[in-house]
Amino acid sequence: MIKYLMAALLLTTNVLAQPLDRITAVVNDEVILESELMEMQQTVRQQLRQRDAAIPPSEVLNKQVLERLIMQRLQLQRAEQVGVRVGDDALNAALKQIANNNNMNLRQFRDVLEDDGYNFSNFRNTIREEMIITRLRKSQVEDRVVVSEREVDNFLTTQTIQEGGEVEYQLQHILVSMPEAASPEQVQEAEQQLQKVQALLDDGGEFSEVAAGYSDGQNALEGGELGWRKHGELPSLFAEVVPDLEVGEVSQALRSGSGFHLVRVKDKKSQELHLVKQTLASHILIRANELTSAEQAEERLQQLRQRIAKGEDFAELARAHSDDTGSAIDGGSLGWTSPGVMVPEFEEKMNALAIGEMSDVFESRFGWHLIKVYDRREQNMADEFKRNKAREQIRQRKIDEELESWLRAMRDEAYVEYRES
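Sequence positions are assigned chain by chain, starting from 1 and proceeding in written order. Only residues with pLDDT of at least 70 are given local features in this predicted model, and only at 80 or more are side-chain atom pairs given and counted; all residues enter the totals for whole chains, interfaces and linings. To obtain the side-chain values, all non-hydrogen atoms of the structure were used and water was disregarded.

Draft legend 1. The arrangement of the overall build of the protein in detail. When helices and strands are counted, the protein shows 15 helices and 11 strands. As defined in this context, the radius of gyration uses C-alpha atoms, and a globule is described by 2.2 Å times the residue total to the power 0.38. Relative to its length of 421 residues, the protein is extended, with a C-alpha radius of gyration of 29 Å against a globular reference of 22 Å. Oriented by its inertia axes, the alpha-carbon framework of the protein measures out at about 95 × 75 × 40 Å. Across the protein, every contact between residues at least 6 apart in sequence was considered, and the portion connecting residues at least 24 apart equals 69%. Here a helix means four or more residues in a row that DSSP labels H or I, a strand means two or more in a row labelled E, and each is numbered from the N terminus. Note on definitions: a residue-residue contact is assigned when non-hydrogen atoms from the two residues lie within 4.5 Å.

See below:
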């Protein structure tokens, strides 16, 4: 009996000797534990090392990582409220794609992660959360952004073009945030922080290091990197300022509802317009179905090819036999097609043909094909392509602006309590 009591006492002592996981912050009705903060810090440090980026001091990194965790928790809470979820099938498909991108199957990928010291269950949960946040942003922000035809017209009218090439800017950004309805005291506090940041930059501080240490932006730990942006993709706040900045130059402070912004042009380039090679072709498609096997479909198309080779009209046979009803009515014509429109196997066969030449019979995911090429040309930025490109640039700019506002509002409305060490 004494032996069992001593064993129980020893077990209890060991349990009590283990440090309890401390709460570092309360976010609405959930907590962020110190272990979560430490794990995220380790991940961020490794990411910074892989990019050969400077690692901020521990207290600065702690602040930035904790804020990132808070924003993640807020978005996951919102996702739960509005019913955004990611099922196991979608998650497994995403994990398989990640493994494939690394030239591994899922089992190999899991083994490599665990050999590197990562817990696969934790990794799986991280990917699920990232997918949930992506879906949430899409439903709450991206899908609500509308670009009108008038906006596209105005964009194309005022688009910055230099000798046939549009300028692109590689940008970095620092945000000194404040609540949307900031009090005079909060504005003064933000202005003091801004002055401190500007003083560090004036004294020769690296923009990326200052951003990592002091920016409240979502990209702070990436050195404030916003990546390459065309003029039409610039946030409205930056659009008039950035074109006048030289490479390496930092803007004056720009104020928005989110706070004060500093933007730096890290690099710029003039992107020349590319000619688009288009092909005028027709095809005949025969599909396998309940009544026609794949072998029979191939044989039928081989017979049609022989008839065309003997002089029968391709268009007439396409109208009579092609299972692609959309093109069959036009004699199998696909019109002028640009790269990337057709599936890869079809495009590869089509591109290998000379003008006037007919392909062999081949298979794609849609069935068995026969192609004939009639002509080729080079088009310099077709109107439809330009409008689609302009529409996407406007949309991306509006998404960036709406996302920043949405995140800031979520943060301002949340109850967040920091727990001191």
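Draft legend 2. Focus on the side chain of Arg397. Relative to the helices and strands, Arg397 is located in helix α15 (residues 383–413). Burial here depends on accessible area, computed with a 1.4 Å probe over protein chains only, as a share of the maximum for the residue type. Under 20% is buried, over 50% is exposed, and the range in between is partly exposed. Neither His nor the chain ends is counted toward charge; the positive residues are Lys and Arg and the negative residues Asp and Glu. For this analysis, a salt bridge means a side-chain nitrogen from Lys or Arg found within 4 Å of a carboxyl oxygen belonging to Asp or Glu. Lacking a salt bridge, the buried Arg397 has Glu401 as its closest oppositely charged neighbour, with an N-O distance of 4.3 Å.

Draft legend 3. Representation of the pattern of salt bridges within the structure. In this structure the tally under the stated criterion is 21 salt bridges. Across the salt bridge formed by Arg22 and Glu34, the nearest N and O atoms sit 3.6 Å from each other. Taken together, the positions of Arg22 in the loop between α1 (2–17) and β1 (23–27) and Glu34 in helix α2 (residues 34–50) put the pair 12 residues apart, joining distant regions of the chain. As a salt-bridge pair, Glu417 and Arg419 come within 2.9 Å of each other at their nearest N and O atoms. Each of Glu149, Asp153, Arg387 and Arg391 takes part in salt bridges that share partners, so that together they form one network.

Draft legend 4. Representation of the packing of aromatic side chains. Pairing of aromatic rings covers Phe, Tyr and Trp, the last through its six-membered ring, and needs centres within 6.5 Å; plane angles under 30 degrees mean stacked, over 60 mean edge-to-face, and all others mean tilted. One pass over the structure, following the stated rule, counts three aromatic pairs. In our convention, an over-ring charge means Lys NZ or Arg CZ found within 6 Å of a ring centre and within 35 degrees of that ring's normal. One cation-aromatic arrangement involves Lys269 over Trp228; the distance from NZ or CZ to the ring centre is 4.4 Å. Residue placement shows Arg377 over the ring face of Trp336; its charged tip is 4.1 Å from the ring centre.

Draft legend 5. Just the sheet that holds strand β2 (residues 30–33), in detail. Here the rule is simple: two strands pair whenever DSSP picks up at least two bridges between them. One open sheet accounts for three strands, arranged β2-β1-β11; its pairing is antiparallel. The open sheet has two edge strands, β2 and β11 (416–418), and neither has a second partner. Across the sheet, the mean angle separating the axes of adjacent strands is 20 degrees when strand polarity is ignored. In this structure, β1 lies alongside β2, joined through four bridges in antiparallel fashion. Structural elements are reduced to axes, namely lines fitted to C-alpha atoms, with helices fitted over the stretch in contact, and the angle between N-to-C directions of any two is expressed from 0 to 180 degrees.

Draft legend 6. Region of the structure containing helix α5 (residues 106–115). Here α5 starts with a cap whose side-chain oxygen sits 3.2 Å from the backbone nitrogen of Arg107, and that cap is Asn105. Residue Gly117 follows α5 closely and has a positive phi angle near 95 degrees. As used in this structure description, the phrase polar contact means that two N or O atoms lie within 3.5 Å; if the pair is within protein, one of them must be able to donate a hydrogen and the other to accept it, and residues adjacent in sequence are counted only when both atoms belong to side chains.

Draft legend 7. Just the confidence of the model for the protein, in detail. Of the residues in the protein, 91% reach a pLDDT of 70 or more, and the chain-wide mean stands at 87. Here α1 is the element of the protein with the lowest mean pLDDT, 36, and helix α12 (residues 314–321) is the one with the highest, 96. Each residue gets a pLDDT score, which is the predictor's confidence in that residue and runs from 0 to 100. Here residues 1–18 is a poorly scored stretch, pLDDT under 50, and it has zero contacts once near neighbours within four places are set aside; other chains count. Here residues 161–165 is modelled with pLDDT under 50, and outside its nearest four sequence neighbours on either side it reaches nine contacts, counting other chains as well.

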